[in-house]
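Listed here are the chains, written in short residue letters.
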Amino acid sequence: MNHVEAAALPLAGLTAWQALTDMITIEPGQRVLIHAAGGGVGHLAVQIAKHFGAYVIGTASAARHEWLRSLGADELIDHHTQLFEDEVQNLDVVVDLVGGFPQNDIARRSINVLKPGGTLVRVAPGGTDGLLEAAGQQGIEVTPEILVEPDYAGLLALTGLVDLGALTVEVQQTFPLAELAAAHRLGETNRVQGKLVIIH
């Protein structure tokens with residue numbers, strides 16, 4: 001792992017790690033759907049879930065499918081051309097890295113693909129209106145939104161996965177500090193499906 005990848009790992013890596021270890025306990029064979037699997041947090045979550053033995057399904061643009069398969073994804077859904085609820089059902093866990101925007105309401109739609117007793121892990125904000133009530137009616141657990149915290153043990157676990165070859169970090173682009181505005185624009189335009197951007 002080079003210095004750029006090492007700089008990219010803590011925030012995105014801990015977000016994925018805490019979503020998959022603090023909010024839930026993944027057991028081998030569980031079916032886990034990760035929304036925005038091709039993004040900075042998403043591609044790490046795919047690898048972490050796979051490490052714990054999950055059957056990993058991801059939503060991502062078709063151009064990222066081959067790469068995500070190389071990271072361990074078992075099944076992929078093109079969110080541009082497919083509705084995930086038409087493709088999967090009876091899931092144990094859904095990790096929402098998109099949020100509840102009015103035009104897609106990922107959180108509410110995700111409840112319908114979870115089996116009773118399943119868990120919706122909320123990382124991105126939004127989509128809370130009526131969410132808990134709807135989930136409760138179907139026997140679905142909904143976690144609070146994750147606010148990533150400093151986590152020495154989590155960092156050790158992530159670096160351990162890197163050392164094992166079970167976790168790789170993909171950085172899309174780096175920017176000097178003087179080009180902070182350009183980095184911000186790229187992050188906004190690639191918000192859902194973009195890989196990590198590093199400012200140095």
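Scroll up to find the structure.
All of these numbers come straight from a predicted model, not from anything done at the bench. (Residues numbered from 1 in each chain as written. Predicted model: local features only at pLDDT ≥ 70, side-chain atom pairs only at ≥ 80, totals over all residues. Heavy atoms only, no water.)

For the rest of this paragraph, the subject is the nonpolar core. Ile34, Leu68 and Val95 are the most contacted members of the largest nonpolar core, which totals 58 residues. With eight residues, the top contributor of residues to this core is helix H1 (residues 3-21). Every residue in contact with Ile34, bar those within four places of it in the chain, is listed here: Gly42, Ala45, Val46, Ala49, Val56, Ile57, Gly58, Thr59, Val95 and Leu97. (Core = buried A, V, L, I, M, F, W, Y, C linked by side-chain atoms within 4.5 Å. Buried < 20%, exposed > 50% of the residue type's maximum accessible area, 1.4 Å probe, protein only. Helix = DSSP H or I, 4+ residues; strand = E, 2+ residues; numbered from the N terminus. Contact = heavy atoms within 4.5 Å.)

This model, assessed by the stated rule, comprises one aromatic pair. Both rings, one in Trp17 and one in Phe52, keep their centres 5.8 Å apart while their planes meet at 40 degrees; by these two values the pair is tilted. Of this pair, Trp17 sits in helix H1 while Phe52 sits in the loop between helix H2 (40-51) and strand E2 (55-60), and the two are 35 residues apart along the sequence. The buried category is assigned to Trp17, whose relative accessible area is 13%. (Phe/Tyr/Trp six-rings, centres within 6.5 Å; stacked < 30°, edge-to-face > 60°.)

On to H1, then. In this model, H1 (19 residues) spans 26 Å end to end at C-alpha, consistent with the 27 Å of a helix rising 1.5 Å per residue. Remark: the principal bend of H1, roughly 45 degrees, maps to Leu9, with a proline, Pro10, within the next four residues. For H1, the full list of buried residues reads Ala8, Leu9, Ala12, Gly13, Leu14, Thr15, Ala16, Trp17, Gln18, Ala19 and Leu20. Capping the start of H1 is the job of one residue whose side-chain oxygen sits 2.7 Å from the backbone nitrogen of Glu5: Asn2. (Expected span 1.5 Å × (residues − 1). Bend = angle between axes of the 7 residues up to and from the residue. Polar contact = N/O pair within 3.5 Å; in protein donor to acceptor, adjacent residues only side chain to side chain.)

Turning our attention to the sheet that holds strand E1 (residues 31-34). The strand order across the open sheet built from six strands is E3-E2-E1-E4-E5-E6, with neighbouring strands paired in parallel fashion. Where the open sheet ends on each side, the last strands, each with one partner, are strand E3 (75-78) and strand E6 (141-142). This element, H2, spans E1 and E2 of the sheet and lies at about 170 degrees to E1. (Pairing = 2+ DSSP bridges. Axes fitted to C-alpha atoms, helices over the stretch in contact; angles between N-to-C directions.)

This brings us to the pattern of salt bridges. According to the stated counting rule, one finds four salt bridges in the structure shown. A salt bridge links Asp74 to Lys50; its shortest N-O distance comes to 2.7 Å. Of this pair, Asp74 sits in the loop between helix H3 (65-70) and E3 while Lys50 sits in helix H2, and the two are 24 residues apart along the sequence. Under the relative-accessibility criterion, Lys50 is labelled partly exposed at 31%. Where Arg122 meets Glu145, a salt bridge forms, and the shortest distance between an N and an O atom there is 3.2 Å. Remark: Glu145 occurs in the loop between E6 and helix H7 (152-164) and Arg122 occurs in strand E5 (residues 114-122); sequence separation between them is 23 residues. Given a relative accessible area of 5%, Arg122 falls into the buried group. (Salt bridge = Lys/Arg side-chain N within 4 Å of Asp/Glu carboxyl O.)

Where H1 meets H2, the axes come as close as 8 Å, and the angle between the chain directions of the two elements is 50 degrees. Taken together, the axes of H1 and H2 are oblique relative to one another. Read as a crossing pair, H1 and H2 show a hand that is right-handed. Side by side, H1 and H2 meet where Ala12, Gly13, Thr15, Ala16, Trp17 and Leu20 of the first sit next to Gly40, Val41, Leu44, Ala45, Ile48 and Ala49 of the second. Partitioning the contact of H1 with H2 into residue classes produces nine nonpolar, three polar and no charged. (Parallel < 35°, antiparallel > 145°, perpendicular 65-115°, else oblique. Left-handed = near helix turned anticlockwise from the far one by under 90°. Nonpolar A, V, L, I, M, F, W, Y, C, P; charged D, E, K, R; others polar.)

Summarising the element assignment, Asp78 is placed in strand E3. Within the buried core, Asp78 has no salt-bridge partner, and the shortest N-O distance to an opposite charge, that of Arg64, equals 9.6 Å. At a separation of 2.9 Å, a polar atom in the side chain of Asp78 contacts the main-chain amide nitrogen of His80. When residues no more than four places from it in sequence are discounted, the contact partners of Asp78 are Ala60, Ser61, Ala62 and His65. (Lys, Arg positive; Asp, Glu negative; His and termini not counted.)

A word on the pairing of strand E4 (residues 91-96). In terms of burial, E4 is largely enclosed, as six of its six residues are buried. Bridge count between E1 and E4: three bridges; the pairing is parallel. Note on E4: the bridge partner recorded for Ile34 is Val95. Here E4 pairs with E5 via five bridges, running parallel. By the bridge assignment, Asp96 is partnered in E5 with Arg122.

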